[in-house]
There are 2 protein chains.
Amino acid sequence: MLSTTAEYALRMMIALAEAEGRPLTSEQLSRRTDVSPDYAVKILQQLGRAKFVRAQRGRGGGFRLACDPAKTTLLDLVRVIDPLDRINRCPLGRVEHEGRLCALHASIDRAIEVLHEQLHSYTLADLLEDERGTMCATDEESVQVSIERTGNGAVPRSN
Amino acid sequence: MLSTTAEYALRMMIALAEAEGRPLTSEQLSRRTDVSPDYAVKILQQLGRAKFVRAQRGRGGGFRLACDPAKTTLLDLVRVIDPLDRINRCPLGRVEHEGRLCALHASIDRAIEVLHEQLHSYTLADLLEDERGTMCATDEESVQVSIERTGNGAVPRSN
DNA sequence: GATAAAGGAGATTCATTTATCCGATTTCGC
DNA sequence: GCGAAATCGGATAAATGAATCTCCTTTATC
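A short tour of the structure in this document, coming up. Predicted model only: the values in this text are computed from it and were never measured.

1. Regarding the protein's contact with DNA strand C
Then, in step 1: Lining the immediate environment of DNA strand C, one finds 26 residues, of which A:K42, A:R57, B:T5, B:S36 and B:R57 sit closest.
Then, in step 2: A distance of 2.6 Å separates a base oxygen of DNA strand C from a polar side-chain atom of A:K42.
Then, in step 3: Elements supplying a minimum of two residues to the surface near DNA strand C: helix 3 (37-49), strand 1 (53-56) and strand 2 (62-65) of chain A together with helix 1 (4-18) and helix 3 (37-49) of chain B.

Below is the structure:
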């Protein structure tokens, strides 16, 4: 329903929020979020143009969060990638629907509206409150551990 | 948010519901719903395989509704085209998320859930109750009229 | 200043969705 | 049975989204 790119963007924003201001290189972000290195850069550039991250070039650089996680909603972030626009005008341009959408488009618009409301109800900070510390944008080490232990029945913990 | 194909499918289902059991040819449906003739056929075939329409081949044939408009929801129809699946398992396959999704995927899943609920709350019959009779899947004649009158400021009525 | 580490951005490839084309098949009416 | 009207369905083309590649610029460190 969300594009895969939007999900990648959310994962990387979570990883950056977890880093609490320390810069992460695109390479680190790529590994932690399972997004290919080249594509991760493209998405980070989009997030940068939208002012949700800041990039520092050169040696020792990387990407840092440029927004308040408690004030940034999933809707804000998803819309950087997917327009998710409400329907304002009749998509078929029918003049008789100029003032008011027909029942079909009104109902689709209402569906988009509730989707907006739902995505708006979560902030980036909300997603960090996972008591297990195993968000789908977690650190490299714990991912390694979980892969190594796959199949032996043990439930790995990240610490 | 919905694919364009899903919207086409909804338009054609409305047109068929308005026809009240009389068969419409793919050509007629195409004109009434502004979907290209060839693509309309493809979508009607998908709706046919899902048993929402029935096709009658040969001279005098066409497509007929094969479901009860009052019992068919927008969700039922949209899902013929767009899977719109809930998230059941961790998309990254992380073993530590097997029993329960992480906060990120739980929140995305919740968004899909409310979208389901919303689309489920409308039936095909609900969309026919447009008092102006100018649904975005209306008959050829009134479309012609509305095009002819474009720009003169008058709001055309279909009767 | 040289070098290495980092991001920037355009071009290209690959996959999927959207749209079109065309020959085959079914069916009605004569 | 023949021809016209209709759907069926495989093949193909065009457009968009996802992913990759390559070269360029910026910057810290020495």
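There's more to say after this.
2. Side note on the protein's contact with DNA strand D
Then, in step 1: Near DNA strand D you find 24 residues, and of these A:S36, A:R57, B:S26, B:K42 and B:R57 are the closest.
Then, in step 2: Backbone atoms, meaning sugar and phosphate, form 70% of the atoms of DNA strand D found within 4 Å of the protein.
Then, in step 3: Between DNA strand D and B:K42 there is a distance of 2.6 Å, counted from a base oxygen to a side-chain nitrogen or oxygen.
Then, in step 4: In this structure, B:R57 approaches DNA strand D through a side-chain N or O atom, which is 2.4 Å from a sugar or linking oxygen.
Then, in step 5: Elements supplying a minimum of two residues to the surface near DNA strand D: helix 1 (4-18) and helix 3 of chain A together with helix 3, strand 1 (53-56) and strand 2 (62-65) of chain B.

3. Re the pairing of strand 1 of chain B
Residue and element names in this part refer to chain B.
Then, in step 1: Bridge count for strand 1 against strand 2 is 4 bridges, and the pairing is antiparallel. Paired with V53 across the strands is L65, a residue of strand 2.
Then, in step 2: Between strand 1 and strand 2, which pair antiparallel and follow one another directly, the connecting turn spans 5 residues, one of which, G58, has a positive phi of 80°.

Cut-offs and rules
Residues numbered from 1 in each chain as written. Chains lettered and ligands numbered in written order. Predicted model: local features only at pLDDT ≥ 70, side-chain atom pairs only at ≥ 80, totals over all residues. Heavy atoms only, no water. Near = heavy atom within 4 Å. Polar contact = N/O pair within 3.5 Å; in protein donor to acceptor, adjacent residues only side chain to side chain. Helix = DSSP H or I, 4+ residues; strand = E, 2+ residues; numbered from the N terminus. Pairing = 2+ DSSP bridges.

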